[in-house]
Amino acid sequence: QSPQLLCIPYQDENSLRLYELQDHVAEFTTAVCVVDKVGKLHFGNEGIILLCRLIPNLRHLAWLAEFPGFKALSAKVYAVVSQHRRRFGCKACSP
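Here is a short report on the structure shown in this document. In this text the structure is predicted, and so the values were computed from the model without any measurement. (Residues numbered from 1 in each chain as written. Predicted model: local features only at pLDDT ≥ 70, side-chain atom pairs only at ≥ 80, totals over all residues. Heavy atoms only, no water.)

## Notes on the overall build of the protein chain
- Of the regular secondary structure elements, the protein chain holds five helices and two strands.
- Of the regular secondary structure in the protein chain, the N- to C-terminal order runs α-α-β-β-α-α-α.
- The buried share of the protein chain, reckoned over its 95 residues, is 20%.
- Carbon and sulfur atoms make up 59% of the accessible area of the protein chain, which amounts to about 7,400 Å² in all. (Helix = DSSP H or I, 4+ residues; strand = E, 2+ residues; numbered from the N terminus. Buried < 20%, exposed > 50% of the residue type's maximum accessible area, 1.4 Å probe, protein only. Areas by Shrake-Rupley, 256 points an atom, 1.4 Å probe, with all protein chains shown as cover.)

## Quick word on the pattern of salt bridges
- For the coordinates displayed, the defined rule picks out one salt bridge.
- Taking the shortest distance from any N to any O, the salt bridge between R53 and E66 comes out at 2.7 Å. On the criterion of sequence distance, the pair formed by R53 in helix α3 (residues 44–54) and E66 in the loop between α4 (59–62) and α5 (70–83) is long-range, its members being 13 residues apart.
- According to the relative accessible area criterion, R53 is partly exposed, its value standing at 35%. (Salt bridge = Lys/Arg side-chain N within 4 Å of Asp/Glu carboxyl O.)

## Quick word on a nonpolar patch on the surface
- A cluster of nonpolar side chains, L6, L18 and Y19, forms an exposed patch at the surface whose accessible area comes to about 330 Å².
- With respect to the helices, strands and loops of the structure, L6 is situated in the segment before α1 (13–18). (Patch = residues over 30% accessible without salt bridge, like charges linked within 9 Å, V, L, I, M, F, W, Y side chains within 5 Å.)

## Quick word on the packing of α3 against α5
- Two elements in contact, α3 and α5, have axes whose closest approach is 8 Å; the angle formed by their N-to-C orientations is 115 degrees. When the axis of α3 is compared with that of α5, the two are roughly perpendicular. Read as a crossing pair, α3 and α5 show a hand that is right-handed. Across the interface between the two elements, G44, N45, E46, I48 and I49 of α3 pack against F70, K71, S74, A75 and Y78 of α5.
- The class makeup of the residues in the contact of α3 with α5 is five nonpolar, three polar and two charged. (Axes fitted to C-alpha atoms, helices over the stretch in contact; angles between N-to-C directions. Parallel < 35°, antiparallel > 145°, perpendicular 65-115°, else oblique. Left-handed = near helix turned anticlockwise from the far one by under 90°. Contact = heavy atoms within 4.5 Å. Nonpolar A, V, L, I, M, F, W, Y, C, P; charged D, E, K, R; others polar.)

## A closer look at the environment of V77
- With respect to the helices and strands, V77 occurs in helix α5.
- The class of V77 is partly exposed, set by a relative accessible area of 47%.
- With 32 residues separating them in the primary sequence, V77 and N45 have C-alpha atoms 8.5 Å apart.

## Section: the packing of aromatic side chains
- For the structure shown, the criterion picks out one aromatic pair.
- Judged by centre distance (5.2 Å) and plane angle (65 degrees), the rings of W63 and F67 are edge-to-face. (Phe/Tyr/Trp six-rings, centres within 6.5 Å; stacked < 30°, edge-to-face > 60°.)

## As for the side chain of S74
- When you line up the elements, S74 lands in helix α5.
- Among the polar contacts listed, one links the side chain of S74 to the side chain of N45, at a separation of 2.8 Å.
- Residues in contact with S74, not counting those within four places in the same chain, are N45 and I49. (Polar contact = N/O pair within 3.5 Å; in protein donor to acceptor, adjacent residues only side chain to side chain.)

Laid out in structure tokens, this is it:
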């Protein structure tokens with residue numbers, strides 16, 4: 001049985017080719033990406049919401065996505081955090 005979650009560093013060209021993701025490298029550098037069971041890519045806040053649904057300790061947060069307006073609000077929050085990653089402690093992020 002394959003794992004539900006698999007971390008694939010976008011810097012690893014072999015893994016990107018193996019999972020047929022090499023055409024999306026530019027998008028991976030700007031947002032978290034989650035690939036679901038059928039191969040659909042979920043970027044940014046949509047990816048975070050999907051992760052919350054899959055990770056047992058975070059499932060209780062996933063229900064928030066069902067509230068009207070939550071996805072739009074979370075997209076704006078994600079954009080702000082993404083633009084200021086280094087301020088939030090991301091040491092691997094480029095300046």
